[in-house]
Amino acid sequence: MGTLVLILLGNGVVAGVVLKRSKAENSGWMVITTGWAFAVLCGIFTAILCGSSDAHLNPAITLAAAFQSGNFSKLPSYLTAQLLGAIVGATLVWLHYFPHWKVTEDAETKRAAFCTSPAIRSPLANFFSEVVGTAILVLVAGAISSKLVFASGAAAGFSPYLVSCVVWSLGLSLGGTTGYAINPARDLGPRIAHSVLPIAGKGTSDWGYALIPILGPCTGGLLAGLFLKALGA
């Protein structure tokens, strides 16, 4: 449910900005990055409400936590839930903006409301961007909850707001290269939805690029998780 809300609001803001005849059309990168930051905040609170105290919306976070703690038991259920939530969230975006797909002519613009693509297609550079962005996400999120930073931990209930600020910062500072997937489920789930939904006038789902927003975030999450473990965070 947390990842569903994340994708509904995150991809929803992208759809609002890029699709024709939306009231938010052409409102720009600041609106997109802000919308994604708030989507993370809403997703975290929804996940907690629905019984997940970890509130993992992102397989890269789950992977980092597993390597940091040495406990891999949650991986299968968390990764499955994250992917399913992302698919359903993307489907809801399609339904919410249903009349707008038909009046939007460009197929790549429609795909942008589902999954990421690079500004300049350069596999090694794109992979590096996703590694760095995700590593910073995991590192700073780990710092927020670490007693090495706050002796008593972050103030109760305040961590989700801080994490959403981290995502906002990443989007503004580093998101311009690849669209900052920084979350394998965020990209793969909606890409699957794009490929199977009867979206009016859609093009390809660009599966040739799809491995980068999966492997890059996983690598970045793993590296940051190991770094946090070495610090004793």
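Above: the structure in question.
First, a word on what this report is: a plain description of the structure on this page. Remember, it's a predicted structure, so these values are computed and weren't measured experimentally.

## Overview of the overall build of the protein
- If you tally the helices and strands in the protein, you get ten helices and zero strands.
- Going from the N terminus to the C terminus, the protein shows its helices and strands as α-α-α-α-α-α-α-α-α-α.
- Against the globule reference of 17 Å for 233 residues, the protein gives a C-alpha radius of gyration of 17 Å, in line with a compact fold.
- By residue count, 47% of the 233 residues in the protein fall in the buried class.

## What about unusual backbone geometry?
- If you check the backbone angles, Y180 has positive phi at about 40° while not being a glycine.
- Topologically, Y180 is positioned in the loop between α8 (159-174) and α9 (184-196).
- Among the residues examined, Y180 registers a relative accessible area of 9% and is labelled buried.
- Within the chain, I182 stands out as a residue other than glycine whose phi angle is a positive 40°.
- Inspection of the secondary structure puts I182 in the loop between α8 and α9.

## Structural notes on the side chain of S22
- Inspection of the secondary structure assignment puts S22 in the loop between α1 (2-18) and α2 (29-49).
- Residue S22 is classed as buried on the basis of its relative accessible area of 10%.
- Setting aside residues no more than four positions away along its own chain, S22 makes contact with G16, Y97 and H100.

## A look at the pattern of salt bridges
- Tallied over the entire structure, the rule returns five salt bridges.
- The partner of K20 in a salt bridge is E25, and the shortest N-O contact between them spans 3.5 Å.
- A relative accessible area of 39% places K20 in the partly exposed class.
- Owing to a relative accessible area of 24%, E25 belongs among the partly exposed residues under this scheme.
- The salt bridge partner of D54 is K74, with a shortest N-O separation of 2.7 Å. Placement of D54 in the loop between α2 and α3 (59-69) and of K74 in the loop between α3 and α4 (75-96) is noted, with a sequence separation of 20 residues between them.
- Note on D54: relative accessible area 30%, which makes it partly exposed.
- Taken together, the salt bridges that share partners define one network made up of R111, R121 and D206.

Criteria and thresholds
Residues numbered from 1 in each chain as written. Predicted model: local features only at pLDDT ≥ 70, side-chain atom pairs only at ≥ 80, totals over all residues. Heavy atoms only, no water. Helix = DSSP H or I, 4+ residues; strand = E, 2+ residues; numbered from the N terminus. Rg over C-alpha atoms; globule rule 2.2 N^0.38 Å. Buried < 20%, exposed > 50% of the residue type's maximum accessible area, 1.4 Å probe, protein only. Contact = heavy atoms within 4.5 Å. Salt bridge = Lys/Arg side-chain N within 4 Å of Asp/Glu carboxyl O.

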